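Below are the chains, spelled out letter by letter.
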Amino acid sequence: MPPERQNLLQRFGKGEGEQLIVSLAPSYVGAFDFLSGEQVVGALKSLGFWGVSETAQGAALVAAEYYNLAREGKMRNIITTCCPVVNDLVEKYYPGAVRDMAPVVSPMIAHGMLLKESFGADKKVVFVGPCIAKKGEAEDIRHSRQIDAVVTFPDILGWLKDEGIEPISCRPEAFLNCSSQITRLFPVPAGVLKSIFARGEVEGYRTLCVDGVENCKELLESIVNEEIQGCIIEINACPGGCVNGPVRGEKKRSRIETKLELEEQVQLQGEGFPDIPLQVPMKKRFLSRSSHEKEPTEEEIRAILLKTGKERPEQELNCGLCGYPSCREKARAVFQGKAELAMCIPFMRQRAESLSNLVLAQTPNITIIADEDMNIVEFNAAAEKVFGC
């Protein structure tokens, strides 16, 4: 039995299925074989879950908060905070961009709060989706345990297979929530932006959509360097958004097909913004979690380089043998206590050769070194004195 399922049953008890509500990520469209979403609900309820609700309902609350922030116009940029990987990336490695993070919980957390408000705090909410990082987000103390467990699509698929349940054959059951409509697009690129602007017009901000970790890093560098201002930025670590999550299932549908199907659902149901009468606390405070290491000055870097015999830039070989991409990066690591001077292989070789030459020159023993053809290549001072040459 996969550990996620075993932990779920151990924590809540096999006979307590009436307590469990599934918060189902909209990208389920690409994970299961079914004729309607209601068949997926029927399949999950066959596993013992009390009810199933789409996480997109929480996304509606999040989109409304983003819209309000944009209307206020007080933030330099508004970076969406739906992706826990990006949130960690900013807090740990780009603290200069923390002030641009929308102070809003993710759709998963918002939905957990909404479900407990609607059906009782005694209900347990289990998020089912394609994202491993959601496990860490659910444990964040800033959320006060609004999500009780996180289970991936592959684990649910394995569970259904073990029980002999095929979603496409299940009797349709209704979702607990109202139609989520436009907010079902949250998992696809630009879906968050479409949801925000479905709420109403926004002036004063341009829009950006960035996905993929390397692209996210490049964007955050630009924000820290104050090259980007006045933008609402939808940002995701996974290329192609959440529909391309690392554990999205057995790939019964490609992420492109999933994207098209989600967009078709929205078009068929209309793009109106859903009305959710209940409200829950949406604020989340993001903060710097970087190590705050002191950076060396140019003079301090030059002094460290000088100790390894690098007096001029052309002597910086940048060979990478020390494990750092350049001599300057290695000098920075030495300054911060992460590396030693002796980690420079060319320097240590030069030092060893210099020591050998010193011993050879000072020893009172006659030392003559010849090559394989018996040509003399080294002749120390003692030999020079004896042979007079």
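Residues numbered from 1 in each chain as written. Predicted model: local features only at pLDDT ≥ 70, side-chain atom pairs only at ≥ 80, totals over all residues. Heavy atoms only, no water.

**Concerning the overall build of the protein**
Then, in step 1: Counting its regular elements, the protein contains 14 helices and nine strands.
Then, in step 2: The burial tally for the protein puts 48% of its 389 residues in the buried class.
Then, in step 3: Put simply, of all contacts in the protein between residues at least 6 apart along the chain, 73% involve residues at least 24 apart.
Then, in step 4: For the protein, the exposed area adds up to about 19,800 Å²; of that, 51% sits on carbon and sulfur atoms. (Helix = DSSP H or I, 4+ residues; strand = E, 2+ residues; numbered from the N terminus. Buried < 20%, exposed > 50% of the residue type's maximum accessible area, 1.4 Å probe, protein only. Contact = heavy atoms within 4.5 Å. Areas by Shrake-Rupley, 256 points an atom, 1.4 Å probe, with all protein chains shown as cover.)

**Looking at the packing of aromatic side chains**
Then, in step 1: The final tally for this structure, using the stated rule, is five aromatic pairs.
Then, in step 2: Their ring planes at 50° and their centres at 6.4 Å tell us that Y28 and F175 sit as a pair that is tilted. Of this pair, Y28 sits in the loop between β1 (20-24) and α2 (37-46) while F175 sits in the loop between α7 (153-163) and α8 (191-199), and the two are 147 residues apart along the sequence.
Then, in step 3: Seen from their ring centres, W50 and F119 are 5.5 Å apart, and the 70° between their planes marks the pair as edge-to-face. Taken together, the positions of W50 in the loop between α2 and β2 (51-54) and F119 in helix α5 (residues 107-119) put the pair 69 residues apart, joining distant regions of the chain.
Then, in step 4: On the basis of relative accessible area, W50 is assigned to the partly exposed category, the value being 34%.
Then, in step 5: When its relative accessible area of 30% is taken as the criterion, F119 is described as partly exposed.
Then, in step 6: Positioned over the ring face of W50 is K123, at 5.0 Å from the centre of the ring. (Phe/Tyr/Trp six-rings, centres within 6.5 Å; stacked < 30°, edge-to-face > 60°. Lys NZ or Arg CZ within 6 Å of the ring centre and 35° of its normal.)

**Examining the sheet that holds strand β6 (residues 206-211)**
Then, in step 1: Strand order in the open sheet formed by three strands is β3-β7-β6, and the pairing between neighbours is parallel. In this open sheet, the two strands that pair with only one neighbour each are β3 (78-79) and β6.
Then, in step 2: Bridge count between β3 and strand β7 (residues 231-236): two bridges; the pairing is parallel. Residue pairing for β7: I78 is matched across the bridge by I232. (Pairing = 2+ DSSP bridges.)

**Notes on the confidence of the model for the protein**
Then, in step 1: Averaged over all residues, the pLDDT of the protein equals 86, while 89% of them reach at least 70.
Then, in step 2: Helix α1 (residues 3-12) is the least confidently modelled element of the protein, averaging 59 in pLDDT, while β3 averages 98, the highest of any element. (pLDDT = per-residue confidence, 0-100.)

**Overview of α7**
Then, in step 1: All of the buried residues along α7 are F153, D155, I156, L157, W159 and L160.
Then, in step 2: Phi turns positive, to about 70°, at G164, one or two residues after α7.

**With respect to the nonpolar core**
Then, in step 1: Residues L24, Y28, F32, L44, F49 and I156 are the most contacted members of the largest nonpolar core, which totals 70 residues.
Then, in step 2: Put simply, the parts of the chain that give this core at least two residues each are β1, α2, α3 (56-72), α5, β4 (124-129), β5 (149-152), α7 and α8.
Then, in step 3: Per-element accounting of this core gives the leading share, nine residues, to α3.
Then, in step 4: Setting aside residues no more than four positions away along its own chain, Y28 makes contact with F34, G37, V40, E54, F153 and F175.
Then, in step 5: Counting 20 residues, the second largest nonpolar core, distinct from the first, contains A97, M101, I228 and I233. (Core = buried A, V, L, I, M, F, W, Y, C linked by side-chain atoms within 4.5 Å.)

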